[in-house]
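# A look at the structure
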Amino acid sequence: RETTLSPGDLVQPLFVHEGGDEPIASMPGCRRWSLEGLVKEAGECHALGIPAVVLFPKIEDALKTSQAEECHNEGGLIPRAIRALKKAHPSLVVITDVALDPYNADGHDGLVRDGKILNDETVEVLCRQAVCQAAAGADIVAPSDMMDGRVGALRQALDAAGHEQVSILSYTAKYASAYYGPFRGALDSSPKSGDKKTYQMDPANAREAVRELTLDEDEGADMVMVKPAGPYLDVISLLRENTTLPVAAYQVSGEYLMIKSAAEAGWINEAQVVRESLVGIKRAGADFVLTYFAKEVAATLRAE
């Protein structure tokens, strides 16, 4: 067998908010966790051999502003979640999302003025966000914003603040995809106007991914990512052939929901299709996979 799958290949995305544990309507089987529930769920994932989780916050509307100040609030939801996770599970790798859309009143990954994304001004805020997360104990920051130059700026800001050991997992090839719909429902983070096509990649482009890869490497990325995973196996393979860095892939909410829906309708065997999809992503060249199926797959693998 050329390609194998183990719990150590998986990263579990987890949603957190200020309320109690509650199901997510757009993503059956997933939940928004309270801090207490988050710690418990992450611990169960880690006990199954999953080495890392990545955190996504649902921020209260009252805290969302045009300058996204809440993203670098030391007492905010994500810093508190990081501290709780590292206290309870010191060996768990905590990855954080670096982007403004959960905190931005406009719902975009960047600051907006007159309908346009402000690249450089956004990067300054992203640096404050990443340093805040690192100070709380994050092991890896993962910029998903797709602003130009943000990896280099983040590396410089982290190092200047004494966080040289915090790694950067760059969303190198993040496409302007229709597969993100259920996720935006989970975070209530859809753009209030316009779309993300001016900063996320055109789904028709592959060579551009190599250019983004070169830039991210030069700026100091420790790992690179392709998102979504399933429809972009060729891009995963392309990045694998052009870098020695670890390559990640994100099996996104739309991929998750299509499998869940087809399985619920009785048309496919969920466990078999999930396993095949993840093996395919690894076979294409991914070193590890962010997937909402991580916990259940890890449990099945451990039982074999």
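Just above, that's the structure.
Quick look at the structure, then. Model, not experiment: these values are computed from the prediction.

### Topic: the packing of aromatic side chains
Within this structure, the stated rule accounts for seven aromatic pairs. Aromatic pair Phe15 and Phe56: ring centres 6.2 Å apart, planes at 40 degrees, arrangement tilted. Taken together, the positions of Phe15 in strand S1 (residues 10-16) and Phe56 in strand S4 (residues 52-57) put the pair 41 residues apart, joining distant regions of the chain. Ring geometry for Tyr250 versus Tyr292: centroids 6.0 Å apart, planes at 50 degrees, classification tilted. Here Tyr292 lies in the loop between strand S12 (288-291) and helix H10 (294-303) and Tyr250 lies in strand S11 (residues 247-251), a separation of 42 residues in the sequence. Classification of Tyr292 by relative accessible area gives buried; the value is 5%.

### Considerations on the packing of helix H9 (residues 270-284) against H10
Packed helices, taken two at a time, are described by their axes: the angle between them and the distance between them. Relative to each other, H9 and H10 sit at 95 degrees, their axes nearing to 11 Å. Here H9 lies roughly perpendicular to H10, going by the angle between them. Taken together, the residues of H10 that come into contact with H9 (itself represented by Glu270, Val274, Arg275 and Leu278) are Glu296, Val297, Thr300 and Leu301. Grouping the amino acids of the contact of H9 with H10 by side-chain chemistry returns four nonpolar, one polar and three charged.

### Quick word on the pairing of S11
Along S11, five of the five residues are buried, which leaves the element largely enclosed by surrounding structure. The side-chain alternation of S11 yields two buried faces, one formed by Val247, Ala249 and Gln251 and the other by Ala248 and Tyr250. Taken together, the three bridges between strand S10 (residues 223-227) and S11 define a ladder with parallel strand orientation. In the strand pairing of S11, Val226 is matched with Ala249. In this fold, the crossover linking S10 to S11 by way of helix H7 (residues 233-242) has right-handed handedness. In the sheet, S11 pairs with S12 via four bridges, with the strands oriented parallel. In the sheet register, Ala248 faces S12, and the bridge partner there is Phe288.

### Concerning the nonpolar core
Most often, soluble globular proteins keep nonpolar side chains buried together rather than apart. Judged by nonpolar contacts, the single largest core of 97 residues is most densely connected at Leu55, Leu85, Ile236 and Tyr250. For this core, the leading source of residues is helix H3 (residues 119-136), giving seven residues. Here Ile236 is in contact with Val226, Ala229, Val247, Ala249, Ile281, Ala284, Gly285 and Ala286, once residues within four sequence places are set aside.

### Quick look at the pairing of S12
The alternating pattern of S12 places Phe288 and Leu290 on one face and Val289 and Thr291 on the opposite face, and all of these are buried. Where S1 meets S12, two bridges bridge the pair, whose relative direction is parallel. Looking across to S12, one finds that Leu10 is bridged to Val289.

### Some points on the pattern of salt bridges
Applying the stated rule across the entire model yields 16 salt bridges. One salt bridge connects Asp61 with Lys64, and the closest N-O pair in it is separated by 3.5 Å. One salt bridge in this structure joins Asp159 and Arg155, with 3.0 Å as the shortest N-O distance. Taken together, the residues Asp159 and Arg155, both in helix H4 (residues 150-160) and four residues apart, mark about one turn of the helix. On the accessibility criterion, Asp159 (30% relative accessible area) is partly exposed. Ionic contacts of the salt-bridge type, sharing partners, join the residues Lys40, Glu41, Glu44 and Lys295 into one network.

Rules of the game
Residues numbered from 1 in each chain as written. Predicted model: local features only at pLDDT ≥ 70, side-chain atom pairs only at ≥ 80, totals over all residues. Heavy atoms only, no water. Phe/Tyr/Trp six-rings, centres within 6.5 Å; stacked < 30°, edge-to-face > 60°. Helix = DSSP H or I, 4+ residues; strand = E, 2+ residues; numbered from the N terminus. Buried < 20%, exposed > 50% of the residue type's maximum accessible area, 1.4 Å probe, protein only. Axes fitted to C-alpha atoms, helices over the stretch in contact; angles between N-to-C directions. Parallel < 35°, antiparallel > 145°, perpendicular 65-115°, else oblique. Contact = heavy atoms within 4.5 Å. Nonpolar A, V, L, I, M, F, W, Y, C, P; charged D, E, K, R; others polar. Pairing = 2+ DSSP bridges. Right-handed = clockwise from strand over helix to strand, strands pointing away. Core = buried A, V, L, I, M, F, W, Y, C linked by side-chain atoms within 4.5 Å. Salt bridge = Lys/Arg side-chain N within 4 Å of Asp/Glu carboxyl O.

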